[in-house]
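What follows is the residue order along each chain.
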Amino acid sequence: MESRSLYGAAPHGGIEYGGAPLRADGVEDELGTLLVPKRKRLNGLALLECILVPWGIFVGVFWLLSFSMRYDHVEATWCLVLFALSISFGFLAKWYWHRSDADYVSSELHSWFLYLAIASFVAWLAGAVLGNSNFGSMRKYYDLSSMGLSREVDPRDVSGNRILDSSRVYFLPGSRIQQDLAIGYKDFSVYCVAPIVAGNATGAPATSFSYWAVGVDCCTPMPPSAFWCGSDVFDPKAHAALRYPGDSTNFRHAIEMAEAEYGIKASSPLFFSWLKDPEGETRSYLAAGVHAFHVWIWAYLIFQVVVFGGIAAFYWRNYVAIAGRTP
């Protein structure tokens, strides 16, 4: 005899009258009760954390490696930079700890710890690279501003030994670069030197020089000489100079060539960039470093928002497609 279902009952595997199909993400217990996993949502605070934590690491590392903290306290700076790196490893450890979570939803949420680990490391690396680059400009400022300023220096009478601690020097009005004693030492680039002389000198020409204007690839290496290093080299109102902050080894070789070529002497030589306003040039290094810092931190925030937004959108679509519901 053919069996019949009771009125209102559903055949095995069917749908009850007025009911709905079982959801793909639900299971029944032994009494037939549908069990649906509890929904877990990504709250606003968690979303904000995914953006601001990596950005904060970038800003912190960039600042530490760019400015006076690094110049004055090198060891402490690198300790803090390494601590910032450990944050990304902390997120990675938390993701690793929860990676085998049996709850599908919980596992999906824990995957954001992996995102935070990767994003924090990328932010740390970007901050370290850009901070090191920016410190090149800032170091010039700190080196030069930590030294003194000398005015009314007569290049004929004042020996370089007397102003060793000065980075910004104003010579007597009329002081100039002696073009006919310029020379260059070639080592891939041409390292150019020319003596700075008093413009109103009388008597026999000087044969010993303490102050030298220098530059790279801005002169003819051998006589007949020409020297055009610096934007103010041909300005008659320029009579000041800024201490050259880089390596002076090749400039010393150039001076040795000048001594041999022209029969002159370099007494305690100091190397300068010829300028009209050395104090303004010093401040420009600070302005350049601060400007670069502000540009990069806001650019990185935009980058972080765009990247996180793209990943979050992909996660949302993928989650809905698999689980059939919104997180």
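Everything quoted here is computed from the prediction, not taken from an experiment.

*Asks:* So, the pattern of salt bridges: which residues are in play, and what are the values?
*Replies:* Think of it this way: side chains of opposite charge can pair up when their charged atoms draw near. Summed over the entire model, instances satisfying the criterion amount to two salt bridges. In this structure, Glu279 engages Arg151 in a salt bridge whose closest nitrogen and oxygen atoms are separated by 3.4 Å. Here Glu279 is found in helix α6 (residues 278-323), whereas its partner Arg151 is found in strand β3 (residues 148-153), with 128 residues between them in sequence. Overall, the relative accessible area of 23% leaves Glu279 in the partly exposed class. The closest approach of N and O atoms between Lys276 and Asp235, which form a salt bridge, is 2.7 Å. Here Lys276, found in the loop between β10 (265-275) and α6, pairs with Asp235, found in the loop between β8 (208-216) and β9 (240-243); they are 41 residues apart in sequence, far enough to count as distant.

*Asks:* Kindly report on the packing of aromatic side chains, identifying the contributing residues and their values.
*Replies:* For the coordinates displayed, the defined rule picks out 18 aromatic pairs. Arranged with centres 6.3 Å apart and planes meeting at 20 degrees, the rings of Phe121 and Trp124 form a pair that is stacked. You can see Phe121 and its partner Trp124 sitting in helix α4 (residues 104-145), three residues apart, about one turn around the helix. A relative accessible area of 37% means that Phe121 is categorised as partly exposed. An aromatic cluster of three or more residues is present, and its members are Phe58, Phe62, Phe67, Phe293, Tyr300 and Phe303. Arg70 extends its terminal NZ or CZ atom over the ring of Phe135, reaching a point 4.4 Å from the ring centre. Above the face of the Tyr170 ring, Arg151 is positioned so that its terminal group lies 4.7 Å from the ring centre.

*Asks:* So what's going on with the UniProt feature "transmembrane region" (unreviewed entry) in the chain? Residues and values would help.
*Replies:* When the UniProt feature table is mapped onto this chain, "transmembrane region" (unreviewed entry) is found at residues 44-65, 77-97, 109-130 and 293-316. Secondary structure over residues 77-97 splits into 100% helix and 0% strand, and the C-alpha atoms at its two ends are 31 Å apart. Along residues 293-316, the helical share is 100% and the strand share 0%, with 34 Å between the first and last C-alpha atoms.

*Asks:* Outline the nonpolar core, supporting the account with residue identities and numerical values.
*Replies:* Of all hydrophobic cores here, the largest spans 30 residues; its most connected members are Phe58, Trp112, Tyr115 and Phe308. Broken down by secondary-structure element, the contributors of at least two residues to this core are α1 (44-66), α4 and α6. The greatest single-element share of this core, amounting to 13 residues, is contributed by α4. Aside from chain neighbours lying at most four places away, what touches Phe308 is Leu47, Cys50, Ile51, Trp112 and Tyr115.

*Asks:* Any details on the pairing of strand β7 (residues 189-197)? Residues and values, ideally.
*Replies:* In terms of residue burial, β7 counts as a mostly covered element, since eight of its nine residues are buried. Where strand β5 (residues 176-177) and β7 come together, two bridges link them in antiparallel fashion. Residue pairing in the sheet places Ile177 in a bridge with Ile196 of β7. Alignment of strand β6 (residues 183-187) against β7, held across five bridges, turns out to be antiparallel. Each bridged residue has a counterpart across the sheet, and for Tyr185 the counterpart in β7 is Tyr191. Where β7 and β8 come together, five bridges link them in antiparallel fashion. Among the inter-strand pairings, Cys192 is bridged to a residue of β8, identified as Gly215.

Conventions we followed
For every chain, the first residue of the written sequence is number 1, and numbering continues from 1 onward in sequence order. Only residues with pLDDT of 70 or above have their local features reported here, since the model is predicted, and side-chain atom pairs are shown and tallied only from 80 upward, although totals for entire chains, interfaces and linings are computed over all residues. Neither water nor hydrogens contribute to the side-chain values; these are computed over all heavy atoms in the structure. Just to be clear on terms, a salt bridge is a Lys or Arg side-chain nitrogen sitting within 4 Å of an Asp or Glu carboxyl oxygen. In DSSP terms, a helix is any run of H or I states spanning at least four residues, a strand is any run of E spanning at least two, and both are numbered starting from the N terminus. Using a 1.4 Å probe on the protein chains alone, a residue whose accessible area is under 20% of its type maximum counts as buried, one over 50% counts as exposed, and one in between counts as partly exposed. Working definition: rings of Phe, Tyr and Trp (its six-membered ring) pair if their centres are within 6.5 Å, and the pair is stacked with planes under 30 degrees apart, edge-to-face with planes over 60 apart, and tilted otherwise. When the NZ atom of lysine or the CZ atom of arginine is within 6 Å of a ring's centre and also within 35 degrees of its normal, the charge is said to sit over that ring. UniProt positions are given in the numbering used here, feature names are shortened, and annotations may be inferred rather than shown by experiment. For our purposes a nonpolar core is just a set of buried Ala, Val, Leu, Ile, Met, Phe, Trp, Tyr and Cys residues, chained together by side-chain atoms within 4.5 Å. Between two residues, a contact is recorded if the distance between any of their heavy atoms is within 4.5 Å. Only strands that DSSP links by at least two bridges are regarded as paired with each other.

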